[in-house]
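Overview (structure and organization)
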Amino acid sequence: ELELWCLQTWSQVDAKAALAEAEKPPRKFLYNVVQWVVKSDLQEAIALLDRYPEQRYVRDRILSAWGKRDVEAALRYIERLSEDQRSRSFRAAIEGLAEENSRRALALALEQGDPKERQRAVLAVLAELIKDDSQLAEKHLRALPQGKPRYEMSVKLAKEKAKRDPEAAMAWAKALGDPGERRAGLAAAFDAMTFDSVEERLASIHELGFHEALPNPREIKRTNGSASYRHGGDLRHALGNAIKSLAKEDPREALRAIAAYPPKMGASDFHPMDSFLGDLGKGWLQSDQRESFIEVLSEIPTDRARFTVLKEGMENATAETYAWLASQNALFTDDSHGQKVVETLAKEWLKSEPLAASEWIGGLEVGAHKDRAISSLLESLTGSGRPDFETAFAWSQVIDD
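Residues numbered from 1 in each chain as written. Predicted model: local features only at pLDDT ≥ 70, side-chain atom pairs only at ≥ 80, totals over all residues. Heavy atoms only, no water.

**Focus on the pattern of salt bridges**
Put simply, the rule is: We count a salt bridge whenever a side-chain nitrogen from Lys or Arg sits within 4 Å of a carboxyl oxygen from Asp or Glu. Strands are runs of DSSP state E lasting at least 2 residues, helices are runs of H or I lasting at least 4, and numbering of each runs from the N terminus. The buried label goes to any residue with under 20% of its type's maximum accessible area, the exposed label to any with over 50%, and the partly exposed label to all in between, with areas taken from a 1.4 Å probe on protein chains only.
Throughout the structure, instances matching the rule amount to 28 salt bridges. The partner of D133 in a salt bridge is R103, and the shortest N-O contact between them spans 3.6 Å. Residue D133 is located in the loop between α8 (115-132) and α9 (134-142), and its partner R103 is located in helix α7 (residues 102-110); the two are separated by 30 residues in the primary sequence. Residue classification places R103 among the partly exposed positions, given a relative accessible area of 44%. We note a salt bridge from E295 to R252, for which the minimum N-O separation is 2.9 Å. Placement of the pair is E295 in helix α17 (residues 293-297) and R252 in helix α15 (residues 251-259), with a sequence separation of 43 residues. On the accessibility criterion, E295 (49% relative accessible area) is partly exposed. We classify R252 as partly exposed; its relative accessible area is 30%. Overlapping salt bridges, with partners in common, bring together E138, R142, R150, K161 and E181 in one network.

In structure tokens, the structure reads:
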């Protein structure tokens, strides 16, 4: 990482000298240096194309810059390439051209005879065309087949429309037929809109329909064979923020908003209910509504849901919040749920105030709760960068069971 940083910094002041260093075997940072070479001396960069014909990412970066500067010359060079190199190289060149002239880049893309190659070329220029002429971009976007590439461009289009006119973007998004594209469009428009209160924000989501805040089918990702959803730009994320804000004012109303969310359709379906309960805990525990916490918490029907609220609310809380929680004996019931609460409070409190947390643990009554809290303390003492094994051993002797 330091070598890369040095080369990139060097490239900004003397690209030619940095390039000479990057060309030494194993040439692992050649791609990173080329971006500065094309800015300082495009002809020097073009000369690299024949020196490193196997470096396709280097070739893409150079052809993108060349297409932006002189697309005819770049296309003449591409004609000399092998058949399997030409398609990718052509897209790189017109993608660069699109930064300067997106309509001309689109015209070149549409000249491609093979339908699949034409689609790929159109995709390469759509991101820039969306900025210059969103109506024309949408026309060609809708002609593309359904799939991830089209969806990603639809997201860009939605954000561009929302930036210019949130209300019009919302009306446009509501009319989209594809569920994934519609949810992405609604989220982009919603994020760009302004609301006078959290209640107004929640009412707007309610009007759209909480089903539109379900996980976006187009945002699925797979890791080690299991599926999950990316979050951050969707309406579900906006609903979570609204719940967190509402919890600071009226936790019961926040609970009602969560209860209105669509239930799971199947046992294996991903469902963001836990994250909503976490948002509730984060907003609630660190607000002036905290005194109602114990009373309202008891209205949550399951131990699992109550624990989710507590666990998320405890993360990165204030010292005052931890001390207050430690004084609420009603939280520490004589069952496994109560023991998990004690253990989690100890674990989170020890991160920021180890002395205060240790004093609280030491004052607990002998039994299962204290044993679970000590286990968190032992983890803190032995798992840190500067472990204290002697103190950990002394505490281990206090464990009753």
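**Considering the side chain of E212**
Formally: The criterion used for residue contact is that any of the two residues' heavy atoms lie within 4.5 Å.
Within the element layout of this structure, E212 appears in the loop between α13 (198-208) and β1 (220-223). In this structure E212 touches R182, R183, L186 and L235, once residues within four positions along its chain are discounted.

**What about the packing of aromatic side chains?**
Quick reminder of the rule: Here a pair means two rings of Phe, Tyr or Trp (six-membered ring of Trp) with centres within 6.5 Å. Their orientation is stacked below 30 degrees between planes, edge-to-face above 60, and tilted elsewhere. Two conditions define a charge located above a ring, namely a distance within 6 Å from the ring centre to NZ of Lys or CZ of Arg, and an angle within 35 degrees of the ring normal.
Tallying each qualifying case throughout the model produces nine aromatic pairs. Aromatic side chains F332 and W360 sit 6.1 Å apart centroid to centroid with 45° between the ring planes, which places their arrangement in the tilted category. Within this pair, whereas F332 is found in the loop between α19 (319-326) and α20 (336-352), its partner W360 is found in helix α21 (residues 354-363), the two being separated by 28 residues in sequence. Ring pairing ties together the aromatic residues Y322, F332, W349 and W360, which thus form one cluster. Positioned over the ring face of W36 is K39, at 4.4 Å from the centre of the ring. Sitting over the face of the ring of Y57, R88 holds its NZ or CZ atom 4.9 Å from the ring centroid.

**Comments concerning α21**
Along an α-helix, residues three or four apart share an orientation, since each turn contains 3.6 residues. What counts, and what does not: Within this analysis, the arc is defined by the directions that extend from the helix axis to the C-beta atoms.
Residues of α21 that are buried include every one of A357, S358, W360 and I361, and no others. For α21, the angular spread of buried residues about the axis comes to 160°, placing them on one side. Residues of α21 that are exposed and point more than 90 degrees away from the buried face comprise L355, E359 and G363. Where α21 is buried, its residues meet α19, α20, α22 (368-383) and α23 (389-396).

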